[in-house]
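# Working through the structure, step by step
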Amino acid sequence: MGKNYMRYIFPSMLSFLLTGIYSIVDGIFVGRAMGDPGLAAINIAWPLVALIISLGTGIGMGASVVVSINIGAKNTKKALLAEGNAFFLLLVSSVILTFLLLAAGKPLLLLLGAKGSLLSPALTYLRYILTGSIVQVFATGMVPLMRNHGASFYAMCSMAFGCLINIFLDYYFVIALDLGIKGAALATVFGQVITLFMCGIFFLQKKHRFPLSQLKPDLQMIRSILQVAFSPFGLTYLPSITIIFMNLQTLKYGGEEAVSAYAVLAYIISFMELLVQGIGDGSQPLLSLSKGNGDQKALKTYAKWTFSLGIGFGLAGAISFFLSQDLLPQLYGTSETAANYIIHATPAFSLVMALYGLTKPAVSYLYATRRIIRSTILVYGEILLTLALVFILPLFCGLDGVWYTIPAVQGILGICCIFFLKNEKKASPRSCGCNHS
């Protein structure tokens, strides 16, 4: 079991680790080339860009859970239908989202705080990203489906090559050609093209093809995929909603330098989010298969290993983050004011990294085992808590209240996770995987 578990987990972790490294390096290049305005502009535009990534991830993970549970229940026909309908959903949703963001991008950016000198670079970044939005939806959505075929290593390579190309082009476009924020967006698009190309090669192979008839939309299957997709979509996207309101409040209480400081802090904690998401996504096929065939012993073992890894990496990341607080402003080329904000807020955000090790794997475990209501409460409860605390705490603590918002939210979610997991034994397992509690 241990060998099989690592065969899934290690490639997934490494894939997300490289993605996290890319996000950090991307910020370093932009920060050094454009300073605080460049970092702030990308951070303001990011919630719209994240919709693209989250859409693909949500559909891909939702379909993967449905596929795995049906394979575990020996229902190959439904598994193939789920995979075909996932491709249909990826195509339709990516086209709709692209047109919506092209039409409403500028007013949305204004609502997100891209005013004055920040509007032009934020709009440039969004428009260039949208040139490859359909590619990005498919690239992020197909990777989880490849893992379901037992191709975790190939899925890792697909993401890894895309990330490496992205990092190289970041340097070439942003620094060497001095294209600034436009270069950062183009590097992202070309990196995703490489990932999609490798995904396409995989699914064009005879043994991985599914009948074209399975692409025909089946309303019941689409509903099943979207039910599960709701949680992974939220898990991936809602941190970006947090960024929106954190940006608005840091701008209000600390100005552009505070937004720049938060951009750096967000880069670092997103690295930990991606790492623990890699653990959760990597374990998903095994958790869902165990759920589908009713193997409670394997399910408990895989869950135990998943939480142990998540909590361990969360604690290690928190300690490393805290110890490196003086180096971060130098790496990102921030102003002295932004640097002081970063150093001051690092202890609070280190706590966030530690708590991610529990809360993020908990959500992954719950949706992988079709505990849809519980996973939804955790995912969407996070944003409701954030919306409340990000406005309440600053009334009493000023800018410090903004910094304390995310640690407070994760602390409350951590308590909820423990409660849900302790009561997990009381949920009666069903081999068909239809328990949505």
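In this report, the structure presented in the accompanying data block is examined. Note that the coordinates shown come from a computational prediction; the quantities given were computed from them, not determined experimentally.

Okay, the pattern of salt bridges next. Applying the stated criterion across every chain, the model contains two salt bridges. Note that K360 is salt-bridged to E273, the shortest N-O span being 3.6 Å. Placement of K360 in helix α12 (residues 336-368) and of E273 in helix α9 (residues 256-292) is noted, with a sequence separation of 87 residues between them. In this pair, the class of K360 matches that of E273, namely buried. For E382, the salt bridge goes to K360, with nearest N and O atoms at 3.3 Å. Taken together, the positions of E382 in helix α13 (residues 372-397) and K360 in helix α12 put the pair 22 residues apart, joining distant regions of the chain. Accessibility assignment for this pair places E382 and K360 in one class, buried. What emerges from the salt-bridge pattern is a single network uniting E273, K360 and E382.

Another aspect to go through is empty space enclosed by the protein. One pass over the structure, following the stated rule, counts two cavities of 30 Å³ or more. L235, T359, K360, V363, L378, V379, E382, L413 and C417 together form the lining of the second largest cavity. Sorting the residues of the lining of the second largest cavity by element identifies α12, α13 and α14 (399-422) as the ones contributing at least two each. Residues of the lining of the second largest cavity, tallied by class, amount to six nonpolar, one polar and two charged.

Time to look at the nonpolar core. Ranked by internal contacts, the top residues of the largest apolar core, which has 129 residues, are L109, Y125, Y262, F321 and F349. At 18 residues, the largest contribution of residues to this core is made by helix α2 (residues 36-72). Those residues in contact with Y125 that lie beyond four places of it in its chain are I42, A45, W46, V49, I181, A184, A185 and T188.

We now examine the environment of P47. Along the chain, P47 falls in helix α2. In sequence terms P47 and I243 are 196 residues apart; their C-alpha atoms lie 7.1 Å from each other.

This part is about the packing of α2 against α9. Two elements in contact, α2 and α9, have axes separated by 11 Å at closest approach and are oriented at 5 degrees. Between α2 and α9, the crossing angle belongs to the class labelled roughly parallel. Residue composition of the contact of α2 with α9, by class: 16 nonpolar, 10 polar and four charged.

Our focus in this paragraph is the side chain of S94. Take S94: it is sitting in helix α3 (residues 76-111). A distance of 2.9 Å separates a polar atom in the side chain of S94 from the backbone oxygen of L91. Those residues in contact with S94, other than ones at most four positions away along the chain, are L55, I134, V137 and F138.

Take the side chain of S68 next. Structurally, S68 is set in helix α2. When its relative accessible area of 2% is taken as the criterion, S68 is described as buried. Residue contacts for S68: discarding those within four places in its chain leaves N148, Q284, P285, S288 and L289.

One way to put it is that helix α5 (residues 133-148) packs onto helix α7 (residues 180-204) with a least axis distance of 8 Å and a crossing angle of 45 degrees. Considered as vectors, α5 and α7 are oriented oblique to each other. In the crossing of α5 with α7, the sense of the turn from one axis to the other is left-handed. Residues V135, Q136, F138, A139, T140, M142, V143, L145 and M146 of α5 form the contact with α7, whose own contacting residues are T188, V189, Q192, V193, T195, L196, C199, G200, F202 and F203. Its residues assigned to classes, the contact of α5 with α7 shows 13 nonpolar, six polar and no charged.

Rules behind the numbers
Residues numbered from 1 in each chain as written. Predicted model: local features only at pLDDT ≥ 70, side-chain atom pairs only at ≥ 80, totals over all residues. Heavy atoms only, no water. Salt bridge = Lys/Arg side-chain N within 4 Å of Asp/Glu carboxyl O. Helix = DSSP H or I, 4+ residues; strand = E, 2+ residues; numbered from the N terminus. Buried < 20%, exposed > 50% of the residue type's maximum accessible area, 1.4 Å probe, protein only. 1 Å grid on protein atoms, 1.4 Å probe; cavity = no way out; pocket = protein on both sides within 12 Å on 5 of 7 lines; lining within 4 Å. Points joined across faces, edges and corners; volume = space filled by probe spheres on them. Nonpolar A, V, L, I, M, F, W, Y, C, P; charged D, E, K, R; others polar. Core = buried A, V, L, I, M, F, W, Y, C linked by side-chain atoms within 4.5 Å. Contact = heavy atoms within 4.5 Å. Axes fitted to C-alpha atoms, helices over the stretch in contact; angles between N-to-C directions. Parallel < 35°, antiparallel > 145°, perpendicular 65-115°, else oblique. Polar contact = N/O pair within 3.5 Å; in protein donor to acceptor, adjacent residues only side chain to side chain. Left-handed = near helix turned anticlockwise from the far one by under 90°.

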